[in-house]
Amino acid sequence: MPIVAQSTETDWVSRFADDVIAEAERRAPGTKPVVVVASGLSPSGPIHLGNLREVMTPHLVADEIRRRGYEVRHLISWDDYDRYRKVPAGVPGTDASWAEHIGRPLTSVPAPAGSAYPNWAEHFKAAMTESLAELGVAYDGISQTEQYTSGAYREQILHAMRHRADIDGILDRYRTKDKPKTAQKQGQKQGQKKAEEAELEAAEGSGAAAEDDGGGGSAGYFPYKPYCGGCGKDLTTVTAYDDATTELTYTCAECGFSETVALSEFNRGKLVWKVDWPMRWAYEGVIFEPSGVDHSSPGSSFVVGGQIVREIFDGVQPIGPMYAFVGISGMAKMSSSKGGVPTPADALKIMEAPLLRWLYARRRPNQSFKIAFDQEIQRLYDEWDALERKVADGSVLPADAAAYTRATTTAAGELPRTPRPLPYRTLASVVDITAGAEEQTLRILSELDPEHPLSTLAEARPRLDRAENWITSQVPAEGGGGGGGGAGPGGGRAAGSRRRVWWWTPARCRTRVRAASGWGRPP
């Protein structure tokens, strides 16, 4: 049976850390092993906050294991050798002409116009890399383009080709079972498309789960897909393969190109997804890797991969909790194919890194949750501030204390914090009134608490800056800083549309801010 861990402990991170350490020691008895956890990200478009759970779940577990004195490698595989599937909606600098590149590796697709990066994959990796650094996530990045084109997996590819009949047999067990379910799923899609379009799109995941498994060719089953030497696309079919010589012949349906190559020397292709993933588990010795619901259902890549890694690659399936979707307040479940889906960089513009970490740390992986871009962010910050007060006075519950510690620190040290964390809703109201004028902002904030006045706005940063970003980018002009619906990422007012009220008297400002922010109300 697949190893699918189900945490029942209040502090889910500690429970998974216990399981991972036990499994690592079982695999290498008598030693203090290096623990390997893994994540996979496809830079096929903006890497959204749902994808971040793919990283944060193993990061939190890895960090707990590091705190216990073990050496840990958190691998992030950039699946940049995957095929370009479609042109994502809403990406600036792109148009319909990018459809010409469908079928090519992501690293062979031009970056959006105006990008500073050499290709599509690097463009979208860059923003995520910056966000992970701000979040305190330590990892070893692996480019699958580099791995495949350097020949790093050559022996694994040749091994898979020698055992292609065995792999086909494993896949066939699930193909038979999946057929009626697939038909049922299609029927559900037709009936639900209008009402739940965004959620159904999200259920498709990154696209890897839907990738063909190498079957269907008239020459038999082959788990390897070459990229064409003519057009560079993967619309190829293997027509012959000789195990003794490793000679492989393929033809391209796109441009008609055909060639015969020695697979023992050929580096322009990759294993199909349902074989590639378990191959990497064995190659890297992965002990813990979560997967989304699209990879965890019967017949999906995680379940099938468990059979393939054991029977073909003589490896062990990782402990693999299924993680649930992450939503946005006022939005449906996230799919980057829909366009305009918020990314970690978007979230870090309006909230501090410890708060974003806390949202992932306090919920078990199989629990869904939402990240607030609307007025709910004020309530989240109120809850966070209340938690900090409980930590300070010693009244915090153990599970809440653990989540707080994981949010604010890593094994490497404490994350940057705001020295004087004034209420977020108060800061939002003040910058809304002052339009960000620093002298007026400092004066009002100081007069709100005359016994402990701010000496400089640096004491209120970076929280002050996050609140201002929220006001300018998320709050409709008529909504004000103290309420109103969110506009979604990028949908707020222009800076010039805020009320320019620098001429208000201090007394009037205090009255307005207190009313809008709830200053002085019991927590």
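Scroll up to find the structure this text is about.
Conventions used here
- Residues numbered from 1 in each chain as written.
- Predicted model: local features only at pLDDT ≥ 70, side-chain atom pairs only at ≥ 80, totals over all residues.
- Heavy atoms only, no water.
- Helix = DSSP H or I, 4+ residues; strand = E, 2+ residues; numbered from the N terminus.
- Buried < 20%, exposed > 50% of the residue type's maximum accessible area, 1.4 Å probe, protein only.
- Contact = heavy atoms within 4.5 Å.
- Areas by Shrake-Rupley, 256 points an atom, 1.4 Å probe, with all protein chains shown as cover.
- 1 Å grid on protein atoms, 1.4 Å probe; cavity = no way out; pocket = protein on both sides within 12 Å on 5 of 7 lines; lining within 4 Å.
- Points joined across faces, edges and corners; volume = space filled by probe spheres on them.
- Nonpolar A, V, L, I, M, F, W, Y, C, P; charged D, E, K, R; others polar.
- Pairing = 2+ DSSP bridges.
- Axes fitted to C-alpha atoms, helices over the stretch in contact; angles between N-to-C directions.
- Parallel < 35°, antiparallel > 145°, perpendicular 65-115°, else oblique.
- Left-handed = near helix turned anticlockwise from the far one by under 90°.
- Salt bridge = Lys/Arg side-chain N within 4 Å of Asp/Glu carboxyl O.
- Right-handed = clockwise from strand over helix to strand, strands pointing away.
- Core = buried A, V, L, I, M, F, W, Y, C linked by side-chain atoms within 4.5 Å.
- Phe/Tyr/Trp six-rings, centres within 6.5 Å; stacked < 30°, edge-to-face > 60°.
- Lys NZ or Arg CZ within 6 Å of the ring centre and 35° of its normal.

Looking at this structure, how should I read the overall build of the chain?
Looking only at helices and strands, the chain features 16 helices and 14 strands. Taking all 523 residues of the chain together, 50% fall into the buried category. Sequence separation of 24 or more characterises 70% of the internal contacts of the chain that already satisfy a separation of 6 or more. Just so you have it, the chain exposes about 21,900 Å², and 50% of that area is on carbon and sulfur atoms.

Even after reading the chapter, I still don't get empty space enclosed by the protein, so can you show me in this structure?
A probe matching the size of a water molecule, rolled over the atoms, marks out where space remains unfilled. Following the criterion strictly, the structure yields two cavities of 30 Å³ or more and no others. In terms of lining, the second largest cavity is formed by Tyr148, Gly151, Tyr153, Arg154, Ile157, Tyr224, Leu263, Phe266, Asn267 and Gly269. Of the residues in the lining of the second largest cavity, the class split is six nonpolar, three polar and one charged.

Quick question: what am I supposed to make of the sheet that holds strand β5 (residues 236-241) here?
Paired through backbone hydrogen bonds, the strands of a sheet run either parallel or antiparallel to each other. Across the sheet, three strands lie side by side as β5-β6-β7; this open sheet has antiparallel pairing. For this open sheet the edge positions go to β5 and β7 (258-262), each flanked by a neighbour on one side alone. Adjacent strand axes in the sheet meet at a mean angle of 25° when their direction is disregarded. Bridge count between strand β6 (residues 247-252) and β7: five bridges; the pairing is antiparallel. The partner of Leu248 across the bridge, within β7, is Val261.

Quick question: what am I supposed to make of the sheet that holds strand β2 (residues 72-78) here?
On the basis of which strands lie adjacent, the open sheet formed by three strands has the order β1-β2-β3 and parallel pairing. Looking at the sheet topology across the chains shown, the edges are occupied by β1 (35-41) and β3 (140-143). Between one strand axis and the next, the sheet turns through 25° on average, direction left out of account. Alignment of β1 against β2, held across seven bridges, turns out to be parallel. Bridge pairing links Val37 to His74 in β2. Lying over the sheet, helix α2 (residues 49-67) contacts β1 and β2, oriented at roughly 165° with respect to β1.

I'm lost on the environment of Pro321 in this one. Help?
With respect to the element layout, Pro321 can be found in the loop between α8 (301-311) and β10 (322-323). Exposure remark for Pro321: the relative accessible area of 1% places this residue in the buried category. The sequence separation of Pro321 and Pro58 amounts to 263 residues, and the corresponding C-alpha distance is 9.9 Å.

Would you mind going over the packing of helix α10 (residues 353-361) against helix α12 (residues 398-408) with me for this structure?
Between two packed helices, the angle of one axis relative to the other and the distance separating the axes together describe the packing. α12 packs onto α10 with a crossing angle of 135° between their chain directions and a minimal axis gap of 8 Å. The orientation of α10 with respect to α12, classified from their angle, is oblique. Crossing angle aside, the handedness with which α10 passes α12 is right-handed. Between α10 and α12, the residues in contact are Pro354, Arg357, Trp358 and Ala361 and Ala403, Arg406, Ala407 and Thr408, respectively. For the contact of α10 with α12, the residue count by class is five nonpolar, one polar and two charged.

What am I meant to see in the pattern of salt bridges here?
Any two side chains of opposite charge can pair if their charged atoms end up close together. Taken as a whole and judged by the stated rule, the model has 31 salt bridges. Ionic pairing is found between Asp19 and Arg15, a salt bridge with its closest N-O pair at 3.6 Å. Here Asp19 pairs with Arg15, and both are found in helix α1 (residues 12-27), just four residues apart, close to one helical turn. Taking the relative accessible area as the measure of exposure, Asp19 reaches 25% and is therefore partly exposed. Classification of Arg15 by relative accessible area gives partly exposed; the value is 27%. One continuous salt-bridge network, built from bridges that share partners, spans Asp11, Asp18, Glu64, Arg68 and Arg406.

Even after reading the chapter, I still don't get the pairing of β2, so can you show me in this structure?
Within a regular strand, the side chains alternate between the two sheet faces. In terms of burial, β2 is largely enclosed, as six of its seven residues are buried. Crossover connection from β1 via α2 to parallel β2: handedness right-handed. Note that β2 and β3 share four bridges and pair parallel. Within β3, the position partnered with Leu75 by the bridge is Asp140.

Before we go on, may I ask you to explain the nonpolar core in this structure?
Generally speaking, soluble globular proteins have nonpolar side chains that are buried together. Judged by nonpolar contacts, the single largest core of 75 residues is most densely connected at Leu49, Leu52, Ile65, Met351, Leu356, Tyr360 and Ile371. Here this core gets eight residues from one element, more than from any other, and that element is α2. With 31 residues, the next largest nonpolar core counts Tyr81, Ile157, Val261 and Met279 among its residues.

Which parts of the structure should I look at to understand the packing of aromatic side chains?
The description of two aromatic rings rests on the distance between their centres and on the angle between their planes. On inspection of all chains with the given rule, the structure shows 18 aromatic pairs. With a centroid separation of 5.6 Å and 55° between ring planes, the pair formed by Phe16 and Phe288 is classed as tilted. Note that Phe16 is positioned in helix α1 and Phe288 in the loop between α7 (273-284) and β9 (291-292), a separation of 272 residues in sequence. Owing to a relative accessible area of 0%, Phe288 belongs among the buried residues under this scheme. Ring-pair connections join several aromatic residues into one group, and the members of that group are Tyr81, Tyr148, Tyr153, Tyr227 and Tyr283. Its end group placed over the ring of Tyr70, Lys32 keeps NZ or CZ at 4.9 Å from the ring centre.

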